[in-house]
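The residues making up each chain are set out below.
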Amino acid sequence: MEKFKVGVIGCTGMVGQRFVTLMENHPWFQLTAVAASPRSAGKTYEEAVGSRWAMDTPMPEEAKKLVVLNAEADVEKIASMVDFVFSAVDMKKEEIQALEEEYAKHECPVVSNNSAHRWTPDVPMVVPEINPEHLDVIPAQRKRLGTQRGFIAVKSNCSLQSYVPALHPLRKFGVKDVLVCTYQAISGAGKTFETWPEMVDNVIPYIGGEEEKSEQEPLKLWGKVENGVIVNADGPAITAQCFRVPASNGHMAAVFVRFEHKPSMEEIKEIWASFRGRAQELDLPSAPKQFLHYFEEDNRPQTKLDRMTEKGMAVCIGRLRPDTQYDYKFACLSHNTLRGAAGGAVLLAELLCAENYITRR
């Protein structure tokens, strides 16, 4: 098949670098344009990133010689070169909102890793296995923007990717109250141990804005499309506490849940084992074959051992057991820069292409 031509705006940061690595040998996508700030523009990608390459694999050869464009000044040029762009720009929220809308208005679909448009009512925030039906809001967004093919779609916060997928197939039992504590890797802050030595042998009990996102974003994921906007779900009630921990990659979550109709542990495990979403039905290139992996061992999942399960795109669960205050508690793990960030956005882009929301120019 002819590949979709892809651009990455915000290509030099950690998530942008991950996008670039995921485009290497992708069966559907061809990296065609890279863009960043004015200080990187005009350099080759290899020159622009230099010693800041933070991935554990070498920089793809196809990316090295691409000349970095100006993400803000070259919108029209970039839009004419590609079928869509991934957005991983590091700017103020209002600037990101304006820039992503500018790309969309130049008839260039935007698949964003940024949080700027997550609460825009007609912008779908999609985890392909959870709420693919939210893509139905795109025609209303196009009408608002005055576009034929341009639109914005976003992925949710990285910490949600660990525990929301585990709760999602259990909603038929009436998930009522959720308490979650997340233990988040330093790559979520765009850091490595070399650039953030203060995190070695340390835990920080605060990540700005993260607890609010963890409590509120699931309600949009579980909402529904009505009259051209996404209306949030009424519940469940979620309370969250988020810690930064000295792990390079992988967000862990301790989850406590109360149901209206309490299932058995055997029912829960069976539901997790059999759960398949739209990404698996379509057999999308980046989709894990088994989305939810349950470990019977008492000491799993572990960040170091399990974060790369199914190339970092699966969610790992363990330690399901009764709780003294809630019905059950369990542990979850997902790879925050793969499933939680760039990989989740690539999977969303694959879904958008498969469902013909993104077409070739």
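Draft legend 1. Local environment of the pattern of salt bridges. Scanning the entire structure with this criterion turns up 15 salt bridges. Here Asp122 and Arg144 are joined by a salt bridge, their closest N and O atoms 2.6 Å apart. Of this pair, Asp122 sits in the loop between β5 (110-112) and α6 (138-145) while Arg144 sits in helix α6, placing them 22 residues apart in sequence. According to the relative accessible area criterion, Arg144 is partly exposed, its value standing at 41%. Where Glu355 meets Arg278, a salt bridge forms, and the shortest distance between an N and an O atom there is 2.8 Å. Residue Glu355 is located in the segment after α12 (338-354), and its partner Arg278 is located in helix α10 (residues 278-281); the two are separated by 77 residues in the primary sequence. Given a relative accessible area of 28%, Glu355 falls into the partly exposed group. The network of salt bridges with shared partners includes Glu101, Lys105, Asp122 and Arg144.

Draft legend 2. Broad picture of the sheet that holds strand β7 (residues 175-184). An order of β10-β7-β11-β14-β13-β12 is seen for the 6 strands of this open sheet, with the pairing classed as mixed. One side of each edge strand has no neighbouring strand; the edge strands of this open sheet are β10 (237-244) and β12 (292-295). Averaged over all pairs of adjacent strands, the angle between their axes in this sheet comes to 20°, without regard to strand direction. For strand β13 (residues 315-322) and strand β14 (residues 328-334), the ladder comprises 5 bridges, and the chain directions are antiparallel. Note on β14: the bridge partner recorded for Ile317 is Cys332. Seen against the sheet, helix α8 (residues 210-221) touches β7 and β10 and runs at an angle of roughly 145° to β10. Relative to β13, helix α9 (residues 265-274) is tilted by about 175°, and along the sheet it contacts β12, β13 and β14.

Draft legend 3. The arrangement of unusual backbone geometry in detail. That bond from Gly235 to Pro236 is cis: its omega, 10°, falls within 30 degrees of zero. Position of Pro236 among the secondary structure elements: in the loop between β9 (229-231) and β10. The residue after Arg300, namely Pro301, is reached through a cis peptide bond having omega 5°. We note that Asn227 has phi near 55°; this positive angle belongs to a residue other than glycine.

Rules behind the numbers
Residues numbered from 1 in each chain as written. Predicted model: local features only at pLDDT ≥ 70, side-chain atom pairs only at ≥ 80, totals over all residues. Heavy atoms only, no water. Salt bridge = Lys/Arg side-chain N within 4 Å of Asp/Glu carboxyl O. Helix = DSSP H or I, 4+ residues; strand = E, 2+ residues; numbered from the N terminus. Buried < 20%, exposed > 50% of the residue type's maximum accessible area, 1.4 Å probe, protein only. Pairing = 2+ DSSP bridges. Axes fitted to C-alpha atoms, helices over the stretch in contact; angles between N-to-C directions. Contact = heavy atoms within 4.5 Å.

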